[in-house]
Amino acid sequence: MPLIVTGSIGIDSVHAPTGDAEEVLGGSCIYFAAAASFFTPVRLVAAVGEDFPPHFMDTFRRFRIDLAGLEHRAGSKTFRWRGKYHENMNQRDTLSVELNVLAESLPPVPHQYRDSEYIFLANTHPAGQLELLANFPHRKLAVADTMDLWIETERPTLLELLKKIDGLVLNDSEAIMLTEQTNLIRAADAILKLGPKFVVIKKGEHGSLLVHKTGEVVLPAFPARDVIDPTGAGDSFAGGMMGHIASTGDLSLSGLRTAMAYGTIVASYNIEAFSLERMKQIEKADLDKRYKLYRAMMGA
Ligand code: AMP
């Protein structure tokens, strides 16, 4: 089933111990969409500005993303983000963010997208996430991601969103920031009380944790030797996970576990190069091969 996503499309500049990438394609929406496209058709609703480099469109085409909902907005500028990784690559500082078009309203949802059943609200302004969600009263599953900036600056809107979604994906420090708990499982319990039926907490190189009303799942990360750029790891994890769910329709705990495992595998490829360069080189068969290896590592 088609999966629809909104989120940021960005012009990123990344500084890492492995090198620098200036003004490359990034944003939560594009990492998510590329990762999900290995499993299911992906529709996108997002805007870029007049400064969006035309050659970035080749990447959208490479992943066969449906672009009817992409607006090139006259008079606006594209979202920009600049980040710097510490020596160990697990920590990152945001050096600058220019919200630009992200602070404006979403483009209209194309009529042909109205039958979308799987909705992902990738990391962006929670007002934009709420705006997209309102278009799909008959959805099967709505999942959102968020981050520290929105927890700090848009908490009331984020809390309103949490009441309306089925699942939340966020990283460990964000779960703690949102709930003011220090223990991750307690933080997850506290998030379930805010509305969602399940929460997936991403723990970087330590894997991921799912807490669902019906039980828990813990998964390790795929052991990665060559981490070049972790940017988009969380978004590509979510894309692999949601793409897999949309392709199977399986919302059982074991279905969610398999989907999380595929998310783990897509993310492990994404971090092997800057921007989306590594994802561009692989096919679904590569994901299946690494997924088998991952299961074997766990004795499964
Ligand atoms: P991740 O590494 O999974 O956290 O995703 C990094 C991507 O998120 C980058 O490509 C950025 O363009 C994008 N990003 C950074 N800050 C924000 C923000 N406040 N809202 C939306 N997207 C963001």
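Numbering of residues starts from 1 in every chain and runs along the sequence as written. Selection of residues for local features in this predicted model requires a pLDDT of at least 70, selection of side-chain atom pairs for listing and counting requires 80 or more, and totals for whole chains, interfaces and linings are taken over all residues. Only hydrogens and water are set aside; all other atoms, that is, all heavy atoms of the structure, feed into the side-chain values.

A sheet is described by the order of its strands in space; here 4 strands give the open sequence β3-β2-β6-β7, paired in mixed fashion. Sheet topology places β3 (19-26) and β7 (92-98) at the edges, where each strand pairs with a single neighbour. In this sheet, adjacent strand axes meet at a mean angle of 15° when their direction is disregarded. At least two bridges found by DSSP between two strands is the condition for calling them paired. Only DSSP runs of H or I covering at least 4 residues are called helices, and only runs of E covering at least 2 are called strands; the numbering of each starts at the N terminus. Across 6 bridges, strand β2 (residues 10-16) lies against strand β6 (residues 79-85) in parallel orientation. Axis lines are fitted through C-alpha atoms, for helices just across the contact stretch, and the angle between N-to-C directions can take any value from 0 to 180 degrees.

Moving on, we come to the packing of helix α9 (residues 253-270) against helix α11 (residues 284-297). Between α9 and α11, the least distance of the axes is 9 Å, while the angle of their chain directions is 110°. As summarised for this structure, α9 and α11 are arranged roughly perpendicular, according to the angle between their axes. The element α9 and its partner α11 pack so that their crossing is right-handed. Judged by residue contacts, Thr258, Ala261, Tyr262, Thr264, Ile265, Val266, Ser268 and Tyr269 of α9 engage Lys284, Asp286, Leu287, Asp288, Arg290, Tyr291 and Tyr294 from α11. Residue classes in the contact of α9 with α11 are distributed as 8 nonpolar, 3 polar and 4 charged. The cut-offs work like this: below 35 degrees is roughly parallel, past 145 is roughly antiparallel, 65 to 115 is roughly perpendicular, and the gaps in between are oblique. Each crossing gets its hand from how the near helix is turned against the far one by less than a right angle, where anticlockwise is left-handed and clockwise is right-handed. Note on contacts: a residue pair qualifies if any of its non-hydrogen atoms lie within 4.5 Å across the two residues. Lys, Arg, Asp and Glu make up the charged group, whereas Ala, Val, Leu, Ile, Met, Phe, Trp, Tyr, Cys and Pro make up the nonpolar group; the residues left over, Gly among them, are polar.

Here we take up the environment of Trp150. Among the secondary structure elements, Trp150 is positioned in helix α4 (residues 148-153). A sequence separation of 25 residues divides Trp150 from His125, and the C-alpha atoms of the two residues are 6.8 Å apart. Beyond its immediate stretch of four places on either side in the chain, Trp150 contacts Leu99, Asn123, Thr124, His125, Pro126, Arg155 and Leu158.

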